[in-house]
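What follows is each chain in one-letter form.
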Amino acid sequence: MKKIIFLMITLLSMASMVYAQKTCVIASAEDHVPIREALIHTNNNHWARTDYRGYWNMRYQFDSATVSKPGYIKATIRYQELPDTVFLLPEAKQIGEVTVWGKNQEHIKEMQDNIQQKVNETPTSPRA
């Protein structure tokens with residue numbers, strides 16, 4: 001009788017391992033803040049969405065999944081290599097022209113005068 005109970009407990013524990021869900025957090029790689037409502041789409045056409053804490057779980061088996069969120073670069077993850085936290089990189093942002101002036105500006109006036117002199121020396125062609 002003890003062998004049968006032991007066998008049943010072993011089988012039940014193995015079955016619970018097979019059907020275990022994988023839980024993971026999606027966070028920003030820049031500041032490690034969890035990302036809410038990121039979309040996880042698996043290779044076998046199942047999907048999940050992160051909650052307000054960045055958590056998601058998938059109850060279906062998958063080989064790979066793509067994590068996406070507007071404003072972040074998409075990331076593809078494999079189930080065998082799935083960590084506890086997946087970090088997404090923010091998309092690059094570009095700014096306009098930046099002018100940097102140092103503390104020592106003694107030759108700035110000379111440069112401006114030279115530029116103005118070159119502009120004045122350049123002959124202009126008459127417009128037709």
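Structural notes, computed from the coordinates. (Residues numbered from 1 in each chain as written. Predicted model: local features only at pLDDT ≥ 70, side-chain atom pairs only at ≥ 80, totals over all residues. Heavy atoms only, no water.)

Glancing now at the pairing of strand 1 (residues 22-28). A large share of strand 1 lies buried, amounting to five of its seven residues. In the sheet, strand 1 pairs with strand 4 (residues 55-58) via four bridges, with the strands oriented antiparallel. Looking at strand 4, one finds that Val-25 is bridged to Tyr-55. Pairing of strand 1 with strand 7 (residues 85-88) involves four bridges; the strand directions are parallel. The residue bridging Ile-26 from the neighbouring strand is Val-86, located in strand 7. (Buried < 20%, exposed > 50% of the residue type's maximum accessible area, 1.4 Å probe, protein only. Helix = DSSP H or I, 4+ residues; strand = E, 2+ residues; numbered from the N terminus. Pairing = 2+ DSSP bridges.)

Before going further, it helps to spend a moment on unusual backbone geometry. Peptide bonds are mostly trans, and most non-glycine residues show a negative phi. Positive phi values are uncommon outside glycine, yet His-32 reaches one of about 60°. Its relative accessible area of 53% is what places His-32 among the exposed residues.

Strands sit in the order 4-1-7 across an open sheet of three strands; the sheet is mixed. Of all the strands in the sheet, the pair left with one neighbour each is strand 4 and strand 7. With direction set aside, neighbouring strand axes in the sheet form an average angle of 30°. (Axes fitted to C-alpha atoms, helices over the stretch in contact; angles between N-to-C directions.)

The subject of this paragraph is the nonpolar core. With 16 residues, the main nonpolar core has Ile-26, Trp-56, Val-67, Ile-77 and Leu-82 as its most contacted residues. Elements supplying a minimum of two residues to this core: strand 1, strand 4, strand 5 (64-68), strand 6 (75-78) and strand 7. In contact with Trp-56, other than residues within four places in its own chain, are Lys-22, Thr-23, Cys-24, Ile-26, Ile-40, Ala-48, Arg-49, Thr-50, Phe-62, Ile-77 and Leu-82. (Core = buried A, V, L, I, M, F, W, Y, C linked by side-chain atoms within 4.5 Å. Contact = heavy atoms within 4.5 Å.)

The next point concerns a nonpolar patch on the surface. Judged by side-chain polarity, Ile-95, Val-98 and Val-100 come together as a nonpolar surface patch covering roughly 360 Å² of accessible area. Its place among the elements puts Val-98 in the loop between strand 7 and helix 2 (108-121). (Patch = residues over 30% accessible without salt bridge, like charges linked within 9 Å, V, L, I, M, F, W, Y side chains within 5 Å. Areas by Shrake-Rupley, 256 points an atom, 1.4 Å probe, with all protein chains shown as cover. Salt bridge = Lys/Arg side-chain N within 4 Å of Asp/Glu carboxyl O.)

Let us look at the sheet that holds strand 2 (residues 39-42). Strands sit in the order 3-2-5-6 across an open sheet of four strands; the sheet is antiparallel. If you trace the sheet from one side to the other, it starts and ends with strand 3 (47-49) and strand 6, each paired once. Geometrically, the sheet is characterised by an average inter-axis angle of 20° between neighbouring strands, direction not taken into account. Inspection of the sheet shows strand 2 paired to strand 3 by three bridges, in the antiparallel sense. Paired with Ile-40 across the strands is Ala-48, a residue of strand 3.

By secondary structure assignment, the location of Ser-28 is in strand 1. Residue Ser-28 is classed as buried on the basis of its relative accessible area, which comes to 3%. One polar contact links Ser-28 to Asp-31, side chain to side chain, over a distance of 3.3 Å. (Polar contact = N/O pair within 3.5 Å; in protein donor to acceptor, adjacent residues only side chain to side chain.)

Function-wise, these values are silent; they only describe arrangement.
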